[in-house]
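Architecture at a glance
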Amino acid sequence: QVQLVESGGGSVQAGGSLRLSCAASGDTSRTPCMGWFHQAPGQEREGVASICPSLGRIRYTDSVKDRFTISQDAAKNTIYLQMDTLQREDTGMYYCAAGLFLSLDHRFYNFWGQGTQVTVSS
């Protein structure tokens, strides 16, 4: 089992920044890849960024390229999502997930955190 705890959400004006954190614990050796997912109100959960540190690979969805950065601190078993130039469309819940593959498809992830809310106002 893998436990994931997100933090760092909040309210910010458009154009501002937030950094989300996701601390992983448990049997993380079985889940070499992690991802961040965004779920806007009334919408499906969609992949934002994925990272597989052991493979040196990262993937972003097109809408956040050049605005968001995913990274990892291996010593802390934590991944981050630095979100810059936030837009109103970025509002929603952000979930951290752990799985086997580099993917933006939520079906490839086995473990999920509870989520953290991000609200962007104009």
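That block above? That's the structure.
Notes on the structure follow. (Residues numbered from 1 in each chain as written. Predicted model: local features only at pLDDT ≥ 70, side-chain atom pairs only at ≥ 80, totals over all residues. Heavy atoms only, no water.)

**Digging into the sheet that holds strand S3 (residues 18–26)**
Read across the sheet, 4 strands follow the order S1-S3-S8-S7 without closing on themselves; strand pairing throughout is antiparallel. With one partner strand each, in any of the chains shown, strand S1 (2–7) and strand S7 (68–73) form the two edges of the open sheet. When the angles between neighbouring strand axes are averaged without regard to direction, this sheet yields 20°. Here 6 bridges tie S7 to strand S8 (residues 78–83), and the two strands are oriented antiparallel to one another. What sits directly across from Thr69, in S8, is Gln82. (Pairing = 2+ DSSP bridges. Helix = DSSP H or I, 4+ residues; strand = E, 2+ residues; numbered from the N terminus. Axes fitted to C-alpha atoms, helices over the stretch in contact; angles between N-to-C directions.)

**Describing the state of the cysteines**
All chains considered together, the criterion is met by 2 disulfides. A sulfur-sulfur distance of 2.0 Å marks the disulfide that ties Cys22 to Cys96. What sets the handedness of the Cys22 and Cys96 disulfide is the S-S torsion sign, and at about -75° it is left-handed. On the criterion of sequence distance, the pair formed by Cys22 in strand S3 and Cys96 in strand S9 (residues 92–99) is long-range, its members being 74 residues apart. Judged by relative accessible area, Cys96 falls into the buried class, the value being 0%. In the protein chain, the cysteines engaged in disulfides, taken in order along the sequence, are linked 1-4, 2-3. (Disulfide = S-S within 2.5 Å. Buried < 20%, exposed > 50% of the residue type's maximum accessible area, 1.4 Å probe, protein only.)

**Structural notes on the packing of aromatic side chains**
Going through the model one piece at a time under the given rule, you end up with 4 aromatic pairs. Look at Phe37 and Tyr109: their rings are 5.1 Å apart centre to centre, the planes differ by 75°, and that puts the pair in the edge-to-face class. Taken as a pair, Phe37 in strand S4 (residues 33–39) and Tyr109 in strand S10 (residues 109–112) lie far apart in primary sequence, 72 residues in all. By the burial criterion, Phe37 is buried, and Tyr109 matches it. Aromatic side chains Tyr109 and Trp112 sit 6.3 Å apart centroid to centroid with 65° between the ring planes, which places their arrangement in the edge-to-face category. Take Trp112: its relative accessible area is 26%, and that puts it in the partly exposed class. Ring pairs connect the aromatic residues Phe37, Tyr109 and Trp112, which therefore count as one cluster. The ring of Tyr95 carries the charged tip of Arg45 above its face, separated from the ring centre by 3.7 Å. Directly above the ring of Trp112 sits Arg45, whose terminal nitrogen or CZ lies 4.8 Å from the centroid. (Phe/Tyr/Trp six-rings, centres within 6.5 Å; stacked < 30°, edge-to-face > 60°. Lys NZ or Arg CZ within 6 Å of the ring centre and 35° of its normal.)

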